[in-house]
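Geometric and topological summary
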Amino acid sequence: MTSVFSKIIAGELPAQIVWRDEHCVVMATIEPMRPGHVMVVPVHEVDKFNDVDPEVFAHMAKVSQVIAHAQEKAFDVPRAVTAILGFEVPHTHIHVIPAESEAAAYVQNAKQAPTEEIAAAMERLRGALTDLGFSDMVPA
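Our subject in this report is the structure included herewith.

The rules we used
Residues numbered from 1 in each chain as written. Predicted model: local features only at pLDDT ≥ 70, side-chain atom pairs only at ≥ 80, totals over all residues. Heavy atoms only, no water. Core = buried A, V, L, I, M, F, W, Y, C linked by side-chain atoms within 4.5 Å. Buried < 20%, exposed > 50% of the residue type's maximum accessible area, 1.4 Å probe, protein only. Helix = DSSP H or I, 4+ residues; strand = E, 2+ residues; numbered from the N terminus. Contact = heavy atoms within 4.5 Å. 1 Å grid on protein atoms, 1.4 Å probe; cavity = no way out; pocket = protein on both sides within 12 Å on 5 of 7 lines; lining within 4 Å. Points joined across faces, edges and corners; volume = space filled by probe spheres on them. Phe/Tyr/Trp six-rings, centres within 6.5 Å; stacked < 30°, edge-to-face > 60°.

The nonpolar side chains of soluble globular proteins are, as a tendency, buried together. Ranked by size, the top nonpolar core spans 29 residues in total, and within it Trp19, Ile67 and Leu129 carry the most contacts. Going through the elements one at a time, β1 (17–20), β2 (24–28), β3 (38–42), α2 (54–75), β5 (94–99) and α3 (115–131) are the ones with two or more residues in this core. Counting residues per element, this core draws most heavily on α2, which supplies 9 residues. In this view, Ile67 contacts Val18, Trp19, Val26, Val38, Val96, Leu125 and Leu129; residues no more than four positions away in its chain are not counted. Formed by 9 residues, the second largest nonpolar core is a distinct cluster that contains Ile8, Met27, Met39 and Val41.

Structure below.
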């Protein structure tokens, strides 16, 4: 079975993508816990994070750190938090969420957001990634 994330990565479904490299893609979630919430997803579909190739998982962690720095800059928050949940889509993903407190990562805070709101938040994040020197990873 092909996950919705695999279909997005293949270009079969639309998404707000802010990072793409040979190992992972970073995309907005349609149910953010707060504006700027993204997911770091490996290109190759693997259901559970503990089954992801360790080198790919290490790369995903590095990208998550870059995204966190960009979120702090773009959304003027003191930190970003991460979570690996994985029950909603059978394709590993690391949530990276700009945060003022731990409450930013509470799953019950996730709610459907208007497309325009998500697009505006992702544009801010792309700008911060570009400012941090990662424009080559930001899709045009």
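Here the largest pocket defines a volume of roughly 580 Å³. Lining the largest pocket are 24 residues; nearest its centre among them are Ala28, Thr29, Ile30, Glu31 and Met39. Contributing elements (two or more residues each) for the lining of the largest pocket: α1 (4–9), β2 and α3. If you tally residues by element for the lining of the largest pocket, the top one is α1, at 3 residues.

Here we come to the packing of aromatic side chains. Inspection of the entire model under this criterion finds 2 aromatic pairs. Aromatic pair Trp19 and Phe134: ring centres 5.6 Å apart, planes at 45°, arrangement tilted. Residue Trp19 is found in strand β1, and its partner Phe134 is found in the segment after α3; the two are separated by 115 residues along the sequence. Here the aromatic rings of Phe49 and Phe57 are separated by 5.7 Å at their centres, their planes lie at 35°, and the arrangement is tilted. Phe57 gets classed as partly exposed once you look at its relative accessible area, which sits at 23%.

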